[in-house]
Amino acid sequence: MTSPPGDRAAANLGGADRPVPDVVVEPDADRLARAVGSALVARLAAAQAVHGTASVVLTGGGIGTAVLERVAALAAEPERERVDWTAVDVWWGDERFVPADDADRNELGARRALLDAVGVPAERVHAMPASDAGFAEPEDAAAWYAGQLAAAASEGGGLPRLDVLLLGMGPEGHVASIFPESPAVSDERPVVAVRDCAKPPPTRISLGFSAINAAEEIWLIVSGEGKAPAVARALQEDVGPRDLPAAGVRGRRATRWLLDAAAAAELDTGGQPVPA
Ligand SMILES: O=C1O[C@H](COP(=O)(O)O)[C@@H](O)[C@H](O)[C@H]1O
């Protein structure tokens with residue numbers, strides 16, 4: 001099934017001026033996490049060289065967390081390229097609206113994998129609210145997070161500069177917590193409350209496409225054969241975000257599909273390694 005072309009516009013896909021996605025394939029999940037970890041360090045260091053600060057939007061999920069573990073390992077190697085972690089703003093693409101100490105929190109995974117080790121100052125760690133943080137409804141928490149983004153924006157824009165936005169992808173093509181056929185696909189707000197998710201936990205907060213596609217670079221990190229059909233479909237011209245939200249992602253300067261061979265198996269390259 002495909003979406004009508006208007007569906008892509010409704011999802012804030014950005015104009016035709018956006019660069020077409022590129023694809024990198026690594027042999028396996030471990031090599032993928034290592035390659036993306038190194039690339040992320042380089043990208044954040046480059047952003048700091050230009051702007052003095054860098055910003056990254058984190059994802060949850062297995063491979064996303066493995067990348068953060070790799071970045072933490074690199075940070076412990078003194079001879080490596082350095083990121084000044086005191087000058088990195090950390091945001092999230094989505095979060096589960098559960099108590100702060102719930103193992104389902106993406107924030108908790110990121111803190112354990114990277115943030116606790118590298119010492120990002122508390123005021124630069126912009127976690128999405130937990131369900132016990134004082135917001136009765138996820139809609140209130142989403143509106144608050146949109147306010148946090150707006151407060152960090154320079155020159156009165158609604159969003160700060162987002163240097164790299166990391167996304168995982170579900171086997172049905174969800175990104176952040178934007179699921180197929182859900183209201184979030186066409187919600188134009190930068191941050192949305194998500195209810196009744198097919199994948200537990202059912203209540204979440206997610207960036208919407210208007211915020212995701214405002215990022216300078218979007219990196220979709222995908223591993224495993226279960227995701228190969230969705231990867232192949234997302235890279236087809238005629239598939240829209242309502243059917244497959246990953247198809248609605250397009251960064252300002254780059255959209256990068258960073259895959260292991262299993263996830264790339266249904267592409268024309270047949271999953272053969274394609275180096276960066
Ligand atoms: O629910 C979610 O799933 C995706 C993908 O997770 P994975 O374990 O299949 O890689 C993740 O990107 C998203 O942040 C998360 O909330």
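Refer to the structure printed above.
About the criteria used
- Residues numbered from 1 in each chain as written.
- Predicted model: local features only at pLDDT ≥ 70, side-chain atom pairs only at ≥ 80, totals over all residues.
- Heavy atoms only, no water.
- Near = heavy atom within 4 Å.
- Polar contact = N/O pair within 3.5 Å; in protein donor to acceptor, adjacent residues only side chain to side chain.
- Areas by Shrake-Rupley, 256 points an atom, 1.4 Å probe, with all protein chains shown as cover.
- Nonpolar A, V, L, I, M, F, W, Y, C, P; charged D, E, K, R; others polar.
- Axes fitted to C-alpha atoms, helices over the stretch in contact; angles between N-to-C directions.
- Helix = DSSP H or I, 4+ residues; strand = E, 2+ residues; numbered from the N terminus.
- Parallel < 35°, antiparallel > 145°, perpendicular 65-115°, else oblique.
- Left-handed = near helix turned anticlockwise from the far one by under 90°.
- Contact = heavy atoms within 4.5 Å.
- Core = buried A, V, L, I, M, F, W, Y, C linked by side-chain atoms within 4.5 Å.
- Buried < 20%, exposed > 50% of the residue type's maximum accessible area, 1.4 Å probe, protein only.

1. A word on the site of the ligand
Next up, step 1: Residues in close proximity to the ligand total 13 residues, the closest being Thr59, Asp94, Arg96, Lys199 and Lys227.
Next up, step 2: For the ligand, an oxygen atom lies 3.4 Å from a polar atom in the side chain of Asn106.
Next up, step 3: For the ligand, the protein covers 89% of the area, taking 390 Å² as the surface of the free molecule.
Next up, step 4: Split by residue class, the shell around the ligand holds one nonpolar, seven polar and five charged.

2. Examining the packing of helix H3 (residues 62–75) against helix H4 (residues 106–118)
Helix-helix packing is characterised by the crossing angle of the two axes and by the distance between the axes.
Next up, step 1: Running from N to C, H3 and H4 cross one another at 15°; their axes reach a closest spacing of 8 Å. As the angle between them shows, H3 and H4 are arranged roughly parallel. The element H3 and its partner H4 pack so that their crossing is left-handed. Across from Thr65, Leu68, Glu69, Val71, Ala72 and Ala75 in H3, the residues of H4 making contact are Gly109, Ala110, Ala113, Leu114 and Val118.
Next up, step 2: Taken together, the residues of the contact of H3 with H4 break down into eight nonpolar, two polar and one charged.

3. Examining the nonpolar core
Next up, step 1: Formed by 83 residues in total, the largest nonpolar core has its most connected members in Trp92 and Leu207.
Next up, step 2: Per element, the largest residue contribution to this core is eight residues, and it comes from helix H2 (residues 29–51).
Next up, step 3: Beyond its immediate chain neighbours, meaning those up to four positions away, Leu207 contacts Val57, Trp92, Gly93, Met128, Tyr145, Leu149, Leu165, Ile178, Pro190, Val191 and Ile212.

Note that every value here comes from positions in space, so none of it alone points to a role or purpose.
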